[in-house]
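Take a look at the letters that make up each chain.
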Amino acid sequence: MGCSRKIEDLMAHSSWIRKMFEEGANMKTDGRGPVYDFSLGNPEIEPPEALKQRLAELAASDTPGMHRYMPNAGYEFVRRSIADYLKEETGLSFTAESVIMSVGAGGGLNAALKALLDPGDKVVCFRPYFVEYEFYVDNHGGKLVKLPTDDSFLPDLDAFEQAIDEKTRVVLTNSPNNPTGVVYEQELLDEIGGILKKKSKDNASPVYWLSDEPYRNLIYDADRAPSIFKAYDSSIMVTSHSKDLALPGERIGYIGISPNAEDSGKLFDAMTFTNRILGFVNAPALLQRLVAPLQGMTVDLGWYKRKRDLLYKELIRYGYEVNKPDGAFYMFPKAPSGDDIEFVKKLQQRRVLVVPGTGFGAPGYFRISYCVNDDVVKGALPAFRQVLED
Ligand SMILES: Cc1ncc(COP(=O)(O)O)c(C=O)c1O
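Source: prediction; values computed, not measured. (Residues numbered from 1 in each chain as written. Predicted model: local features only at pLDDT ≥ 70, side-chain atom pairs only at ≥ 80, totals over all residues.)

Draft legend 1. View of the sheet that holds strand E9 (residues 330-331). Across the sheet, which stays open at both edges, the three strands sit in the order E9-E12-E11 with antiparallel pairing between neighbours. The sheet is open, and its two edges are formed by E9 and strand E11 (355-356), each paired on a single side. Alignment of E11 against strand E12 (residues 366-369), held across two bridges, turns out to be antiparallel. Counterpart to Val355 in the pairing with E12 is Arg367. (Pairing = 2+ DSSP bridges. Helix = DSSP H or I, 4+ residues; strand = E, 2+ residues; numbered from the N terminus.)

Structure representation (structure tokens):
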């Protein structure tokens, strides 16, 4: 026995996304024609030119000390510039002590959860949910509670209110959402905030709202994402530039703690510490310098919108049931037969790779990740139609 039984077990149930990716990799070399791969959230668009230029300048700089350790939370000037951006966005008094630079959103979520959870504490989320939450929460001894959503994938607030008890320490939301593309409006955030306020009072201890927002700048028909910071005081936002600047391999993001959060100073110290002891130590130095002045910059949203519009129009025309996504780059149609795994296999036989909703805790649906080139979308459309006709 090489690894622990626990990890062996977790790996066996690890991820449909990876499974589809691996099957796709095999298909791509089988010599039987093109594969239309919508399985990963790995943008095929390149980062903006301005970013590449800045990166080249930074890499060429001979300023001494640029590659050394810095405070575990990240460079003070970088955190201050992000704090200014958040201040401008929310009107709240963010400072450098509200921001911790992280190794992507994944690193930030782990640092935050480790700082917040005691063994057995509950973390509440809504189905469908990003599959890694299960592992991240388990990493820190927590228990993930998954709550229902309605036909539009919006939270069932009655179930939410009932589910929060004295063991609930964190509410974990994700908007714009992976896998549905749903964006929570400010009104909904305010309602969630109202419930959390009441529950924190009942518990005589804050329920922290952890908002996972790597897609916060990928919204199609509005300027900026509605803000949890305006909806609830004890709120923490985790984001990254994996998606908005198309840098997922570079691993750069940050945690933003509301200046109004209960014990915000303690949270900053704790998450700086957990970032260190989880082995991240600090976020990559060069990447911190790179993104500091690029807050609010995104890749060309039109590149995504074009694909969303084409896919949505055609899938509806073929007879699929699907919500039009408002953000991110995912679509989550109903599997017409009801059996998502069987349907995904049928698409796979036609060389189209998508991920079954089962992998996101929502059987009966499938996820299309359309962060791919136009020819992949266009090439796959006949298969989406034919598989319905079969
Ligand atoms: C909802 C969600 N959260 C977190 C992450 C992790 O992002 P990062 O690459 O910034 O770690 C992803 C990546 O796909 C995601 O979809």
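Draft legend 2. Structural context of helix H13 (residues 340-349). Regarding H13, the residues found buried are Asp340, Phe343, Val344 and Leu347. The arc enclosing the buried residues of H13, seen along the axis, measures out at 100°, which places them on a common side. Across from the buried face of H13, at angles greater than 90 degrees, the exposed residues are Glu342, Lys345 and Gln349. Of the residues trailing H13, Arg351 is marked for its positive phi of about 70°. (Buried ≥ 20, exposed ≤ 12 C-beta atoms within 10 Å, placed from the backbone. Arc of directions from axis to C-beta.)

Draft legend 3. Inspection of the pairing of strand E6 (residues 208-212) at higher detail. The element E6 is largely enclosed, with a buried count of five among its five residues. By the alternation rule, side chains of E6 split into Tyr208, Leu210 and Asp212 and Trp209 and Ser211, which are all buried. Alignment of strand E5 (residues 168-174) against E6, held across five bridges, turns out to be parallel. Bridge pairing links Val171 to Trp209 in E6. Relative to strand E7 (residues 235-240), E6 runs parallel, the two being bridged by four bridges. For Asp212, the partnering residue across the bridge sits in E7 and is Val238.

By themselves, these are just geometric observations and shouldn't be taken as functional.
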